[in-house]
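Observations on the model geometry
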Amino acid sequence: MAHVLKRKGYEGVALAVPVTVPYERYSIRGAHWFLGQAVRALVQASGLAKEQIDGLTVSSFSLAPDTAVGVTQHLGLSPRWLDHIPTGGASGVMALRRAARAVQCGDAEVVACVAADTNHVDSFRQTLGAFSDFARDASYPYGSGGPNSMFAFITANYMRTYGARREDFGRIAVAQRSNALKNPNALFKKPLTLDEYMAARPISEPIHLFDCVMPCAGAEAFLVMSPERARDLGLPHVLLRGAIERHNAFADDPVMVRGGWAMDRGDLYAQAGLQPQDIDLLQTYDDYPVIAMMQFEDLGFCAKGEGPDFVRAHDLTVGGDFPQNTSGGQLSCGQAGAAGGFIGMTETIRQLTGLAGERSVAGARHGLVGGFGMVTYDRCLCTGAVILGKNE
(Lines give C-alpha, C1' and ligand atoms only; values in the text may rest on other atoms or scores of the structure.)
Protein backbone atom coordinates (compact mmCIF):
# COMPACT_ATOMS: atom_id res chain seq x y z
CA MET A 1 0.00 0.00 0.00
CA ALA A 2 1.43 3.38 -1.03
CA HIS A 3 2.30 5.71 1.81
CA VAL A 4 0.84 9.20 1.33
CA LEU A 5 2.75 11.87 3.20
CA LYS A 6 0.52 14.69 4.39
CA ARG A 7 2.36 17.98 4.25
CA LYS A 8 2.31 20.07 7.40
CA GLY A 9 0.47 23.38 7.14
CA TYR A 10 1.99 26.80 7.69
CA GLU A 11 0.33 27.63 11.00
CA GLY A 12 2.28 29.62 13.55
CA VAL A 13 4.38 31.71 11.16
CA ALA A 14 4.44 35.52 11.17
CA LEU A 15 6.14 38.07 8.91
CA ALA A 16 7.17 41.45 10.25
CA VAL A 17 9.45 44.46 9.71
CA PRO A 18 9.24 45.10 5.94
CA VAL A 19 12.41 46.88 4.85
CA THR A 20 13.28 48.64 1.59
CA VAL A 21 16.76 50.08 1.18
CA PRO A 22 16.11 53.03 -1.17
CA TYR A 23 16.72 52.20 -4.80
CA GLU A 24 19.43 53.93 -6.82
CA ARG A 25 19.65 53.83 -10.60
CA TYR A 26 23.40 53.22 -10.45
CA SER A 27 25.70 52.64 -7.50
CA ILE A 28 29.41 52.15 -6.96
CA ARG A 29 28.65 50.18 -3.78
CA GLY A 30 28.58 46.39 -3.83
CA ALA A 31 25.74 44.02 -3.01
CA HIS A 32 27.26 43.45 0.43
CA TRP A 33 26.66 47.11 1.33
CA PHE A 34 22.99 46.92 0.41
CA LEU A 35 22.60 43.64 2.33
CA GLY A 36 24.22 45.29 5.34
CA GLN A 37 21.89 48.28 5.16
CA ALA A 38 18.91 45.93 5.05
CA VAL A 39 20.05 43.91 8.06
CA ARG A 40 20.79 47.09 10.02
CA ALA A 41 17.28 48.36 9.26
CA LEU A 42 15.79 45.02 10.40
CA VAL A 43 17.66 45.26 13.69
CA GLN A 44 16.74 48.90 14.30
CA ALA A 45 13.06 48.51 13.42
CA SER A 46 12.56 45.27 15.38
CA GLY A 47 14.37 46.25 18.58
CA LEU A 48 16.27 42.97 18.44
CA ALA A 49 19.98 42.69 19.03
CA LYS A 50 21.87 41.50 15.98
CA GLU A 51 22.79 38.33 17.88
CA GLN A 52 19.10 37.44 18.22
CA ILE A 53 18.76 36.94 14.47
CA ASP A 54 19.61 33.25 14.38
CA GLY A 55 18.49 32.45 10.83
CA LEU A 56 19.38 34.06 7.49
CA THR A 57 18.41 33.67 3.86
CA VAL A 58 20.23 35.64 1.18
CA SER A 59 19.31 36.21 -2.47
CA SER A 60 21.52 38.17 -4.86
CA PHE A 61 22.87 38.06 -8.40
CA SER A 62 25.85 40.35 -7.78
CA LEU A 63 27.14 38.86 -4.52
CA ALA A 64 29.49 36.42 -6.28
CA PRO A 65 31.98 35.03 -5.52
CA ASP A 66 30.44 35.15 -2.05
CA THR A 67 27.36 33.24 -0.98
CA ALA A 68 25.22 33.63 2.14
CA VAL A 69 27.97 32.32 4.41
CA GLY A 70 30.31 35.10 3.32
CA VAL A 71 27.66 37.62 4.33
CA THR A 72 27.65 36.26 7.89
CA GLN A 73 31.31 37.22 8.28
CA HIS A 74 30.91 40.57 6.54
CA LEU A 75 28.05 41.53 8.85
CA GLY A 76 29.18 39.85 12.05
CA LEU A 77 26.23 37.45 12.21
CA SER A 78 26.35 33.94 13.66
CA PRO A 79 23.12 32.20 12.62
CA ARG A 80 22.37 28.58 13.45
CA TRP A 81 20.37 28.24 10.23
CA LEU A 82 21.41 29.55 6.80
CA ASP A 83 20.18 29.38 3.20
CA HIS A 84 21.36 30.87 -0.08
CA ILE A 85 18.51 31.15 -2.60
CA PRO A 86 19.69 32.13 -6.10
CA THR A 87 16.34 31.94 -7.88
CA GLY A 88 15.76 35.57 -8.83
CA GLY A 89 12.12 36.54 -8.90
CA ALA A 90 11.02 33.34 -7.14
CA SER A 91 13.44 33.84 -4.26
CA GLY A 92 11.08 35.80 -1.97
CA VAL A 93 8.49 33.02 -1.92
CA MET A 94 11.15 30.33 -1.59
CA ALA A 95 12.95 32.20 1.21
CA LEU A 96 9.70 32.53 3.13
CA ARG A 97 8.82 28.85 2.72
CA ARG A 98 12.19 27.73 4.03
CA ALA A 99 12.26 30.26 6.85
CA ALA A 100 8.74 29.24 7.87
CA ARG A 101 9.79 25.61 8.23
CA ALA A 102 12.88 26.61 10.24
CA VAL A 103 10.69 28.58 12.67
CA GLN A 104 8.06 25.85 12.91
CA CYS A 105 10.55 23.13 13.81
CA GLY A 106 12.71 25.28 16.08
CA ASP A 107 15.84 25.37 13.94
CA ALA A 108 15.70 29.17 14.18
CA GLU A 109 13.65 31.63 16.19
CA VAL A 110 14.04 34.78 14.06
CA VAL A 111 14.99 34.50 10.39
CA ALA A 112 16.06 37.51 8.34
CA CYS A 113 15.09 37.07 4.68
CA VAL A 114 17.21 39.51 2.68
CA ALA A 115 17.70 40.22 -1.02
CA ALA A 116 19.95 42.86 -2.53
CA ASP A 117 21.86 43.74 -5.67
CA THR A 118 24.00 46.56 -6.88
CA ASN A 119 23.86 48.12 -10.33
CA HIS A 120 26.92 49.84 -11.65
CA VAL A 121 27.27 50.85 -15.29
CA ASP A 122 28.45 47.40 -16.42
CA SER A 123 26.48 45.22 -13.99
CA PHE A 124 23.71 44.19 -16.35
CA ARG A 125 26.08 42.96 -19.07
CA GLN A 126 28.04 40.97 -16.53
CA THR A 127 24.88 39.45 -15.07
CA LEU A 128 23.71 38.37 -18.51
CA GLY A 129 27.07 36.88 -19.39
CA ALA A 130 27.10 34.71 -16.28
CA PHE A 131 23.35 34.01 -16.03
CA SER A 132 23.22 30.38 -17.13
CA ASP A 133 24.92 27.86 -19.36
CA PHE A 134 21.65 27.51 -21.26
CA ALA A 135 21.53 31.20 -22.12
CA ARG A 136 25.23 31.42 -22.92
CA ASP A 137 25.35 28.33 -25.13
CA ALA A 138 21.86 28.07 -26.64
CA SER A 139 20.57 31.60 -27.13
CA TYR A 140 23.29 34.25 -27.15
CA PRO A 141 25.08 32.82 -30.23
CA TYR A 142 21.84 33.25 -32.17
CA GLY A 143 21.34 36.89 -31.27
CA SER A 144 18.95 36.44 -28.34
CA GLY A 145 21.00 38.63 -26.08
CA GLY A 146 19.11 38.87 -22.81
CA PRO A 147 15.65 39.07 -21.29
CA ASN A 148 14.12 41.64 -23.68
CA SER A 149 14.40 39.34 -26.67
CA MET A 150 13.40 36.27 -24.67
CA PHE A 151 10.27 37.92 -23.32
CA ALA A 152 9.49 39.41 -26.72
CA PHE A 153 9.36 35.81 -27.94
CA ILE A 154 7.09 34.77 -25.05
CA THR A 155 4.89 37.88 -25.41
CA ALA A 156 4.47 37.52 -29.18
CA ASN A 157 3.50 33.88 -28.77
CA TYR A 158 0.94 34.77 -26.09
CA MET A 159 -0.52 37.49 -28.33
CA ARG A 160 -0.88 35.11 -31.26
CA THR A 161 -2.37 32.37 -29.09
CA TYR A 162 -4.91 34.41 -27.13
CA GLY A 163 -5.53 37.57 -29.13
CA ALA A 164 -3.94 39.96 -26.65
CA ARG A 165 -3.05 43.43 -27.90
CA ARG A 166 -0.31 45.80 -26.80
CA GLU A 167 -2.95 48.01 -25.18
CA ASP A 168 -3.87 45.15 -22.85
CA PHE A 169 -0.34 44.98 -21.50
CA GLY A 170 -0.33 48.78 -21.41
CA ARG A 171 -3.24 48.81 -18.99
CA ILE A 172 -1.11 46.86 -16.52
CA ALA A 173 1.88 49.20 -16.89
CA VAL A 174 -0.21 52.38 -16.65
CA ALA A 175 -2.06 51.22 -13.53
CA GLN A 176 1.20 50.28 -11.85
CA ARG A 177 2.67 53.69 -12.61
CA SER A 178 -0.37 55.26 -10.97
CA ASN A 179 0.27 53.16 -7.86
CA ALA A 180 3.98 54.00 -7.87
CA LEU A 181 3.28 57.73 -7.72
CA LYS A 182 2.00 57.09 -4.17
CA ASN A 183 5.11 55.14 -3.19
CA PRO A 184 8.08 57.22 -1.96
CA ASN A 185 10.43 54.30 -2.69
CA ALA A 186 9.59 54.20 -6.42
CA LEU A 187 12.20 55.51 -8.85
CA PHE A 188 9.58 56.54 -11.42
CA LYS A 189 7.98 59.84 -10.46
CA LYS A 190 6.12 60.83 -13.65
CA PRO A 191 2.62 59.70 -14.63
CA LEU A 192 2.27 57.37 -17.62
CA THR A 193 -0.68 57.44 -20.02
CA LEU A 194 -1.79 54.66 -22.31
CA ASP A 195 -0.97 56.87 -25.30
CA GLU A 196 2.58 57.36 -24.00
CA TYR A 197 2.90 53.63 -23.43
CA MET A 198 1.76 52.88 -26.99
CA ALA A 199 4.07 55.52 -28.51
CA ALA A 200 7.19 54.39 -26.65
CA ARG A 201 10.15 53.26 -28.71
CA PRO A 202 10.37 49.58 -29.61
CA ILE A 203 13.01 47.50 -27.84
CA SER A 204 12.38 44.04 -29.26
CA GLU A 205 8.98 43.73 -30.90
CA PRO A 206 6.39 43.51 -29.46
CA ILE A 207 8.27 44.73 -26.35
CA HIS A 208 8.50 48.53 -26.09
CA LEU A 209 10.18 50.73 -23.50
CA PHE A 210 7.52 50.65 -20.79
CA ASP A 211 7.21 46.87 -20.93
CA CYS A 212 10.72 46.66 -19.49
CA VAL A 213 11.86 46.96 -15.90
CA MET A 214 14.70 49.35 -15.12
CA PRO A 215 17.69 47.67 -13.44
CA CYS A 216 18.78 49.48 -10.29
CA ALA A 217 20.50 48.93 -6.95
CA GLY A 218 18.69 48.35 -3.68
CA ALA A 219 17.45 45.82 -1.17
CA GLU A 220 14.28 44.34 0.33
CA ALA A 221 13.99 42.34 3.53
CA PHE A 222 11.62 41.05 6.22
CA LEU A 223 11.71 38.94 9.38
CA VAL A 224 10.03 35.56 9.92
CA MET A 225 9.18 34.39 13.45
CA SER A 226 6.32 32.96 15.48
CA PRO A 227 3.28 35.20 16.09
CA GLU A 228 4.00 34.93 19.83
CA ARG A 229 7.50 36.33 19.33
CA ALA A 230 6.16 39.15 17.15
CA ARG A 231 3.60 40.03 19.83
CA ASP A 232 6.25 39.98 22.56
CA LEU A 233 8.33 42.41 20.50
CA GLY A 234 5.31 44.62 19.85
CA LEU A 235 5.72 44.26 16.08
CA PRO A 236 2.87 44.66 13.59
CA HIS A 237 2.82 41.39 11.66
CA VAL A 238 0.94 39.29 9.15
CA LEU A 239 0.31 35.55 9.15
CA LEU A 240 1.37 33.03 6.53
CA ARG A 241 -1.77 31.28 5.32
CA GLY A 242 -0.43 29.16 2.46
CA ALA A 243 2.54 28.70 0.14
CA ILE A 244 3.45 26.80 -3.04
CA GLU A 245 6.40 26.50 -5.39
CA ARG A 246 7.07 24.57 -8.60
CA HIS A 247 10.03 24.29 -10.93
CA ASN A 248 10.21 23.43 -14.64
CA ALA A 249 6.42 23.19 -14.91
CA PHE A 250 4.68 22.26 -18.17
CA ALA A 251 7.99 21.43 -19.83
CA ASP A 252 6.15 20.03 -22.86
CA ASP A 253 4.65 23.43 -23.79
CA PRO A 254 6.68 24.55 -26.83
CA VAL A 255 6.74 28.13 -25.50
CA MET A 256 5.62 29.23 -22.05
CA VAL A 257 1.96 30.27 -21.89
CA ARG A 258 1.40 29.18 -18.28
CA GLY A 259 3.42 28.72 -15.13
CA GLY A 260 3.57 26.31 -12.23
CA TRP A 261 0.94 28.32 -10.36
CA ALA A 262 -1.68 26.56 -12.48
CA MET A 263 -0.53 23.18 -11.14
CA ASP A 264 -0.64 24.09 -7.48
CA ARG A 265 -3.15 26.90 -6.96
CA GLY A 266 -5.80 24.50 -5.63
CA ASP A 267 -3.38 23.49 -2.90
CA LEU A 268 -2.56 27.16 -2.17
CA TYR A 269 -6.18 28.19 -1.68
CA ALA A 270 -7.00 25.02 0.27
CA GLN A 271 -4.19 25.74 2.73
CA ALA A 272 -5.58 29.21 3.32
CA GLY A 273 -9.23 28.17 3.35
CA LEU A 274 -9.89 30.85 0.72
CA GLN A 275 -10.88 31.29 -2.92
CA PRO A 276 -9.58 33.79 -5.50
CA GLN A 277 -12.52 36.10 -4.81
CA ASP A 278 -11.38 36.37 -1.17
CA ILE A 279 -8.05 37.97 -2.15
CA ASP A 280 -8.06 41.73 -1.55
CA LEU A 281 -4.78 42.59 -3.27
CA LEU A 282 -2.43 40.80 -5.62
CA GLN A 283 1.30 41.33 -6.06
CA THR A 284 2.47 39.63 -9.25
CA TYR A 285 6.08 39.24 -10.25
CA ASP A 286 6.19 41.72 -13.11
CA ASP A 287 9.41 41.56 -15.06
CA TYR A 288 7.17 42.09 -18.12
CA PRO A 289 3.40 42.70 -18.31
CA VAL A 290 2.71 39.37 -20.03
CA ILE A 291 3.93 37.57 -16.91
CA ALA A 292 1.57 39.55 -14.69
CA MET A 293 -1.25 38.60 -17.06
CA MET A 294 -0.32 34.92 -16.89
CA GLN A 295 -0.56 35.11 -13.10
CA PHE A 296 -4.09 36.57 -13.29
CA GLU A 297 -5.01 33.42 -15.20
CA ASP A 298 -2.89 30.78 -13.49
CA LEU A 299 -3.78 31.94 -9.97
CA GLY A 300 -7.46 31.51 -10.81
CA PHE A 301 -8.74 35.07 -11.20
CA CYS A 302 -9.80 34.27 -14.78
CA ALA A 303 -9.44 31.36 -17.19
CA LYS A 304 -6.43 30.76 -19.42
CA GLY A 305 -6.57 33.15 -22.36
CA GLU A 306 -9.01 35.50 -20.61
CA GLY A 307 -6.27 37.79 -19.28
CA PRO A 308 -6.79 40.44 -21.99
CA ASP A 309 -10.53 40.64 -21.27
CA PHE A 310 -9.79 40.67 -17.53
CA VAL A 311 -7.58 43.76 -17.68
CA ARG A 312 -10.11 45.52 -19.93
CA ALA A 313 -12.82 44.87 -17.32
CA HIS A 314 -10.97 45.75 -14.11
CA ASP A 315 -9.25 48.73 -12.49
CA LEU A 316 -5.83 47.57 -11.24
CA THR A 317 -5.01 50.70 -9.21
CA VAL A 318 -5.02 50.84 -5.39
CA GLY A 319 -8.47 52.43 -5.47
CA GLY A 320 -9.82 50.04 -8.09
CA ASP A 321 -11.77 46.81 -7.93
CA PHE A 322 -8.66 44.64 -8.42
CA PRO A 323 -5.64 46.26 -6.70
CA GLN A 324 -2.52 44.82 -8.31
CA ASN A 325 1.15 45.61 -7.61
CA THR A 326 0.14 48.34 -5.24
CA SER A 327 3.71 49.58 -4.79
CA GLY A 328 4.07 50.12 -8.53
CA GLY A 329 5.90 46.82 -8.86
CA GLN A 330 9.18 46.44 -10.66
CA LEU A 331 7.83 48.14 -13.78
CA SER A 332 7.51 51.45 -11.95
CA CYS A 333 9.68 51.11 -8.83
CA GLY A 334 12.69 49.56 -10.55
CA GLN A 335 14.19 46.09 -10.44
CA ALA A 336 16.90 45.84 -7.80
CA GLY A 337 18.04 42.45 -9.06
CA ALA A 338 16.99 39.58 -6.81
CA ALA A 339 15.23 42.07 -4.53
CA GLY A 340 12.57 42.21 -7.24
CA GLY A 341 11.45 38.83 -5.95
CA PHE A 342 10.87 40.37 -2.50
CA ILE A 343 9.08 43.62 -3.35
CA GLY A 344 5.64 41.97 -3.41
CA MET A 345 6.26 40.48 0.04
CA THR A 346 7.35 43.71 1.73
CA GLU A 347 4.50 45.60 0.08
CA THR A 348 1.88 43.10 1.24
CA ILE A 349 3.19 43.22 4.82
CA ARG A 350 2.89 47.01 4.67
CA GLN A 351 -0.61 46.84 3.21
CA LEU A 352 -1.90 44.42 5.87
CA THR A 353 -0.27 46.21 8.83
CA GLY A 354 -1.32 49.76 8.01
CA LEU A 355 2.10 50.89 6.79
CA ALA A 356 1.24 51.60 3.14
CA GLY A 357 0.29 55.25 3.59
CA GLU A 358 -1.73 56.84 0.82
CA ARG A 359 -1.61 53.71 -1.33
CA SER A 360 -3.41 51.62 1.30
CA VAL A 361 -6.13 49.32 -0.01
CA ALA A 362 -9.19 49.95 2.13
CA GLY A 363 -10.27 47.00 4.26
CA ALA A 364 -7.65 44.59 2.90
CA ARG A 365 -7.42 41.32 4.85
CA HIS A 366 -5.73 38.88 2.47
CA GLY A 367 -2.92 39.42 0.00
CA LEU A 368 -1.45 37.02 -2.56
CA VAL A 369 2.18 37.33 -3.70
CA GLY A 370 3.45 35.64 -6.85
CA GLY A 371 7.06 34.69 -7.51
CA PHE A 372 8.67 33.90 -10.85
CA GLY A 373 12.28 33.58 -11.89
CA MET A 374 15.18 32.22 -13.91
CA VAL A 375 14.35 32.61 -17.59
CA THR A 376 16.17 30.30 -20.00
CA TYR A 377 14.94 31.02 -23.50
CA ASP A 378 11.31 30.06 -23.95
CA ARG A 379 10.16 29.97 -20.34
CA CYS A 380 10.97 30.69 -16.71
CA LEU A 381 11.76 27.72 -14.52
CA CYS A 382 10.73 28.81 -11.00
CA THR A 383 7.24 29.74 -9.87
CA GLY A 384 5.73 30.19 -6.44
CA ALA A 385 3.04 32.02 -4.51
CA VAL A 386 2.02 32.74 -0.93
CA ILE A 387 -1.11 34.02 0.75
CA LEU A 388 -0.63 36.37 3.69
CA GLY A 389 -3.40 37.25 6.12
CA LYS A 390 -4.00 40.21 8.36
CA ASN A 391 -3.41 39.52 12.06
CA GLU A 392 -6.95 39.88 13.45
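Let me sum up the structure you'll find in this document. Sequence positions are assigned chain by chain, starting from 1 and proceeding in written order. Only residues with pLDDT of 70 or above have their local features reported here, since the model is predicted, and side-chain atom pairs are shown and tallied only from 80 upward, although totals for entire chains, interfaces and linings are computed over all residues. The basis for every side-chain value is the complete set of heavy atoms in the structure, and neither hydrogens nor water enter the calculation.

1. Quick word on the overall build of the protein
- For the purposes of this entry, the term helix denotes a DSSP run of H or I that reaches at least four residues, the term strand denotes a run of E that reaches at least two, and both are numbered from the N terminus. If you tally the helices and strands in the protein, you get 14 helices and eleven strands.
- Here the globule rule is a power law, 2.2 Å times the number of residues to the power 0.38, and the radius of gyration is based on C-alpha atoms. For the protein, whose C-alpha radius of gyration is 20 Å, the value lies close to the compact-globule estimate of 21 Å for 392 residues.
- Here's how the labels work: a residue is buried when its accessible area is under 20% of the maximum for its type, exposed when over 50%, partly exposed in between, all with a 1.4 Å probe on protein chains only. Every one of the 392 residues in the protein was classed for burial, and the buried ones make up 59%.
- Contact definition: two residues touch when any of their heavy atoms are within 4.5 Å. At a minimum sequence separation of 6, the contacts of the protein that also span at least 24 residues come to 76%.
- All accessible areas in this document rest on Shrake-Rupley with a 1.4 Å probe, and a residue is counted as covered only by the protein chains that are shown. Surface accessibility of the protein: about 15,500 Å² in total, with carbon and sulfur atoms responsible for 52%.

2. Focus: the sheet that holds strand 8 (residues 237-247)
- In this description, strands pair whenever DSSP reports at least two bridges between them. On the basis of which strands lie adjacent, the open sheet formed by nine strands has the order 3-2-4-7-1-8-11-10-9 and mixed pairing. Whereas interior strands pair on both sides, the edge strands pair on one side only; in this sheet they are strand 3 (81-84) and strand 9 (281-283). On average, each strand axis in the sheet is inclined to that of its neighbour by 20°, with strand direction left out of account. The convention used is that axes are lines fitted to C-alpha atoms, helices contributing only their stretch in contact, and that angles between N-to-C directions extend from 0 to 180 degrees.

3. Comments concerning unusual backbone geometry
- Of note, the bond from A64 into P65 is cis; its omega dihedral lies within 30 degrees of zero at 10°.
- Checked against the element boundaries, P65 lands in the loop between strand 2 (55-59) and helix 2 (68-75).
- Of note in this structure, V17 is not a glycine but carries a positive phi near 55°.
- As for its position among the elements, V17 is in strand 1 (residues 14-24).
- At F250, a position not held by glycine, the phi torsion is positive, near 50°.
- Its place among the elements puts F250 in the loop between strand 8 and helix 10 (261-272).

4. Side note on the packing of aromatic side chains
- Pairing of aromatic rings covers Phe, Tyr and Trp, the last through its six-membered ring, and needs centres within 6.5 Å; plane angles under 30 degrees mean stacked, over 60 mean edge-to-face, and all others mean tilted. A complete count under the given rule lists eleven aromatic pairs for this structure.
- With centroids separated by 6.3 Å and ring planes inclined at 55°, the aromatic side chains of Y158 and F169 adopt a geometry described as tilted. With a gap of eleven residues between them, Y158 in helix 6 (residues 147-162) and F169 in helix 7 (residues 166-180) connect regions that are remote in the sequence.
- When its relative accessible area of 0% is taken as the criterion, Y158 is described as buried.

5. A few points about the side chain of E297
- In this fold, E297 is placed in helix 11 (residues 289-298).
- When its relative accessible area of 1% is taken as the criterion, E297 is described as buried.
- Pairs of N or O atoms within 3.5 Å make up the polar contacts considered here, provided that, within protein, one atom can donate a hydrogen while the other can accept it, and that residues adjacent in sequence are counted only when both atoms are side-chain atoms. A polar contact is formed between the side chain of E297 and the backbone nitrogen of G305, at a distance of 3.0 Å.
- Filtering out sequence-adjacent residues up to four positions away, E297 remains in contact with Y158, R265, C302, A303, K304, G305, E306, G307 and P308.

6. Quick look at the packing of helix 7 against helix 11
- Contact pair helix 7 / helix 11: the axes reach a minimum separation of 9 Å and the direction vectors enclose 90°. One element, helix 7, and the other, helix 11, form an angle in the roughly perpendicular class. On helix 11, the residues that touch D168, F169 and I172 of helix 7 are P289, V290, A292, M293 and F296. Reported orientations rely on four angle classes, namely roughly parallel under 35 degrees, roughly antiparallel over 145, roughly perpendicular from 65 to 115, and oblique for the rest.

7. A look at the packing of helix 1 (residues 31-46) against helix 2
- Where helix 1 meets helix 2, the axes come as close as 11 Å, and the angle between the chain directions of the two elements is 65°. By the criterion of interaxial angle, the relationship of helix 1 to helix 2 is roughly perpendicular. Helix 2 is crossed by helix 1, and the crossing has right-handed handedness. Side by side, helix 1 and helix 2 meet where H32, L35, G36 and V39 of the first sit next to V71, H74 and L75 of the second.
- Looking at side-chain class alone, the contact of helix 1 with helix 2 contains four nonpolar, three polar and no charged residues. The sense of a crossing depends on the near helix, which, turned anticlockwise from the far helix by less than a right angle, makes the crossing left-handed and, turned clockwise, makes it right-handed. Charged means Asp, Glu, Lys or Arg here, nonpolar means Ala, Val, Leu, Ile, Met, Phe, Trp, Tyr, Cys or Pro, and polar covers whatever is left, Gly included.

8. A short note on helix 1
- With 16 residues, helix 1 extends 23 Å from end C-alpha to end C-alpha; this agrees with the ideal 22 Å at 1.5 Å per step.
- Buried within helix 1 we find A31, F34, L35, G36, A38, V39, L42, V43 and S46.
- Against the buried residues of helix 1 lie strand 1, strand 2, helix 2, strand 4 (111-117) and strand 7 (217-225). Given a helix with a known number of residues, its expected span is that number minus one, times 1.5 Å.

9. Describing the environment of G242
- Locating G242 in the fold gives a position in strand 8.
- Judged by its relative accessible area of 0%, G242 falls in the buried class.
- For G242 and W33, which are 209 residues apart along the polypeptide, the C-alpha to C-alpha distance reads 33 Å.
- What G242 contacts, discounting residues up to four positions off in sequence, is Y10, L268, Q271, A385, V386 and I387.

10. Quick look at the pattern of salt bridges
- Here, a salt bridge means any Lys or Arg side-chain nitrogen found within 4 Å of an Asp or Glu carboxyl oxygen. Counting across every chain of the model gives 19 salt bridges.
- A salt bridge links D168 to R312, with the nearest nitrogen and oxygen atoms 2.8 Å apart. Taken as a pair, D168 in helix 7 and R312 in helix 12 (residues 307-313) lie far apart in primary sequence, 144 residues in all.
- A salt bridge links R258 to D253; its shortest N-O distance comes to 2.7 Å.
- Among the residues examined, R258 registers a relative accessible area of 31% and is labelled partly exposed.
- Each of D83, R97, R98 and E245 takes part in one network of salt bridges that share partners.

11. Here we look at the pairing of strand 3
- With four bridges joining them, strand 2 and strand 3 adopt parallel strand pairing. Paired with G55 across the bridge in strand 3 is W81.
- This β-α-β element, strand 2 to helix 2 to strand 3, shows right-handed connectivity. The handedness of a crossover follows from its direction of travel: if, with the strands pointing away from the viewer, the path from the first strand over the helix to the second runs clockwise, the crossover is right-handed.

12. Some remarks on the nonpolar core
- Definition of nonpolar core: a set of buried residues of the types Ala, Val, Leu, Ile, Met, Phe, Trp, Tyr and Cys, connected through side-chain atoms within 4.5 Å. Counting 47 residues, the largest nonpolar core has F296, L299, F301 and L368 as the members making the most contacts within it.
- What L299 contacts, discounting residues up to four positions off in sequence, is W261, R265, L268, Y269, P276, L282, L368 and A385.
- Of all hydrophobic cores here, the second largest spans 44 residues; its members include V13, W81, A95 and A180.

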